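# An overview of the molecular structure
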Amino acid sequence: MRTTVVVGAGAAGLACAKRLRELDADWRIILVDKDRDAPYERPPLSKGLSGAAKPNGAAGLVDASIELVSTAAEGIDLGAHALLTARGAIAYDKLVLAPGSTPTRPHWANDDVLSLHSHADSLRLRDRVRDARSVVVVGGGYVGAEVAASLAAVGVEVTLVFRDRALFGSRLGGDVSALLAAVHEEAGVSLVAGAEVERVDGRFGEMTVVLSDQRRIDTDLVVVGIGSVPDTGWLSGSGLLGQDGRIAADACLRVADGVWAAGDSVSWQVVDGVPMTSAHWTAARSQGRQIAEDIVSGTATPFLELPYFWSMQHGHLVQGIGAIDAKVADVDTVRGGTETKPGILTTFRVDGVPRGAVAVNDPRGFLAVRAELDELALASRRAG
Ligand SMILES: Cc1cc2nc3c(=O)[nH]c(=O)nc-3n(C[C@H](O)[C@H](O)[C@H](O)COP(=O)(O)OP(=O)(O)OC[C@H]3O[C@@H](n4cnc5c(N)ncnc54)[C@H](O)[C@@H]3O)c2cc1C
């Protein structure tokens, strides 16, 4: 019997395993994950703090005859076609690497500074929040902003501290930034922009965040969400990693003979040779599914999907697609929505050509721009 081994039961690995089973009843599929709670989805973790149900994703795997092995992958023997794990070697015919990322821990983070990446992290955060009146969230990215919103919703006093001069300002542009900042402030979140944390003093219940300009913020709890790094340390020395620590793949997500990579931990070549990465759920899932299709059909398909993300902050939906960087693009904005749900659709143009878009509370407008961007991307690839 042919065996596909998938490392990581996250968005990419799980989608790959499930799609493989949909397409072929006979493959033996083994999903390896070091997180005992896997599989579960990460996006809901930051979008609310209520309910801490134990994930039950494993139940669906049994029905699909997908074997789940709870152990850490420790290396690969490419010559012997074997994944090396803490519980011994697992032979594969095809191997899919989808180990995702791990949150960045700054030098100033002691044990009482929480991160939010796993189900276990979310339980710990919920536990601590029960005894906290105030929380400082460090990091103005999507996870930081969503955590701030979720904490404000349960009545905790929240301060969101971030480096950018305006919330999401340098990437999403002034209009979206102003709207999101207003949404947070109306919900009671205090925004501290342009801030660099120098250190955190004290322990849970009595902590002080000291900024590099010596401002001090007293708080019960500190949560940090300042990004993540690929969880690929176990592959060092394998020859599969690029300089950025990601698994280096070709345009079809292939890494070596019979080996593919997907999700947050991969860097793949777009058709014009530029390396591309993603830290979003949709790309991870699509890559996993596409790899499954290539494994079954024996084809090699370039991964061409434009990067897409969504975020939910205080009930306001943010969606983005394509190349979004207000520092290098011309930005134009159309406003809409209602008084309680103001809408914005911002398009990012380079040399007059739309390259990306962000919408707040405008799923319809977003859909139209997305279709246009998909069409343009397809045309330029055909031309290339
Ligand atoms: C709190 C939070 C909220 C998010 N919200 C959004 C959102 O709203 N929208 C969006 O687009 N994206 C969101 N993301 C990002 C999204 O979840 C990721 O892009 C996506 O999960 C990446 O999928 P992946 O399969 O590459 O990695 P993951 O989903 O992280 O899965 C990787 C799996 O590999 C396992 N693993 C790692 N190393 C090993 C090893 N050596 N051996 C065995 N197993 C291993 C890990 O335990 C993990 O289960 C969010 C992320 C977080 C943390």
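Residues numbered from 1 in each chain as written. Predicted model: local features only at pLDDT ≥ 70, side-chain atom pairs only at ≥ 80, totals over all residues.

Moving on, we get to the domain arrangement of the chain. When its domains are assigned, the chain resolves into domain 1 (3-102 + 228-297), domain 2 (105-224) and domain 3 (315-383). Its C-alpha centre places domain 1 at a distance of 30 Å from the equivalent point of domain 3. (Domains from an automatic or database assignment.)

Around the ligand sit 38 residues in total, of which Gly8, Gly10, Pro99, Gly100 and Gly263 are the nearest. Elements represented by at least two residues in the shell around the ligand include exactly helix 1 (11-23), strand 2 (28-33), helix 7 (281-297) and strand 23 (308-313). Grouping the amino acids of the shell around the ligand by side-chain chemistry returns 20 nonpolar, 12 polar and 6 charged. Taken domain by domain, the makeup of the shell around the ligand includes at least three residues from each of domain 1 (3-102 + 228-297) and domain 2 (105-224). (Near = placed C-beta within 6 Å. Helix = DSSP H or I, 4+ residues; strand = E, 2+ residues; numbered from the N terminus. Nonpolar A, V, L, I, M, F, W, Y, C, P; charged D, E, K, R; others polar.)

Taking strand neighbours across the sheet as the criterion, the 5 strands line up as 9-16-10-11-12 in an open arrangement whose pairing is parallel. Across the chains shown, the open sheet's two edge strands, defined by having one partner strand only, are strand 9 (113-114) and strand 12 (190-192). Pairing of strand 10 (residues 134-138) with strand 11 (residues 157-161), which is carried by 5 bridges, proceeds in the parallel orientation. Considered in strand 11, the bridge of valine 135 is made with valine 158. Contacts from helix 4 (residues 142-153) reach strand 10, strand 11 and strand 16 (221-224), with the element oriented near 170° to strand 11. (Pairing = 2+ DSSP bridges. Contact = placed C-beta atoms within 7 Å. Axes fitted to C-alpha atoms, helices over the stretch in contact; angles between N-to-C directions.)

This next bit is on unusual backbone geometry. Between alanine 38 and the following residue, proline 39, the backbone shows a cis peptide bond with an omega angle of 5°. Tracing the backbone shows proline 39 in the loop between strand 2 and helix 2 (57-63). Although it is not a glycine, serine 65 sits at a positive phi angle of roughly 55°. Tracing the chain through its elements places serine 65 in the loop between helix 2 and strand 3 (66-70). Residue classification places serine 65 among the exposed positions, given that 12 C-beta atoms sit within 10 Å. Of note, the phi angle at phenylalanine 168 is positive, near 60°, even though the residue is not glycine. Inspection of the secondary structure puts phenylalanine 168 in the loop between strand 11 and helix 5 (169-172). (Buried ≥ 20, exposed ≤ 12 C-beta atoms within 10 Å, placed from the backbone.)

Before going further, it helps to examine the pairing of strand 11. The buried fraction of strand 11 amounts to 4 of the 5 residues, a majority that puts the element mostly inside the structure. The β-α-β motif built from strand 10, the intervening helix 4 and the parallel element strand 11 has right-handed crossover chirality. Direction of pairing for strand 11 relative to strand 12: parallel, over a ladder of 3 bridges. Along strand 12, the bridge assignment pairs leucine 160 with leucine 191. (Right-handed = clockwise from strand over helix to strand, strands pointing away.)

Formed by 57 residues in total, the largest nonpolar core has its most connected members in Val137, Ala148, Val158, Leu160, Val222, Val223 and Ala357. Examining the composition of this core, we find that 8 residues originate from one element, helix 4, more than from any other. When residues no more than four places from it in sequence are discounted, the contact partners of valine 223 are Leu114, Leu116, Leu125, Val135, Val137 and Val147. (Core = buried A, V, L, I, M, F, W, Y, C linked by C-beta atoms within 7 Å.)

This next bit is on the sheet that holds strand 7 (residues 94-97). Taken in spatial order, the 6 strands of this open sheet run 3-2-1-7-20-19, and their pairing is mixed. Where the open sheet ends on each side, the last strands, each with one partner, are strand 3 and strand 19 (254-256). Across the sheet, the mean angle from the axis of one strand to that of its neighbour is 25°, orientation sign disregarded. Relative to strand 20 (residues 259-261), strand 7 is paired through 3 bridges, and the arrangement is parallel. Counted as the bridge partner of leucine 95 is valine 259 from strand 20.

Turning our eyes to something else, we now look at helix 3 (residues 119-129). For helix 3, the set of buried residues is His119, Ser122, Leu125 and Val129. Here the buried residues of helix 3 occupy an arc of 120° about the axis, which is enough to place them on one side. In helix 3, the exposed positions that point more than 90 degrees away from the buried face belong to Ala120 and Asp127. On its buried side, helix 3 packs onto strand 9, helix 4 and strand 16. (Arc of directions from axis to C-beta.)

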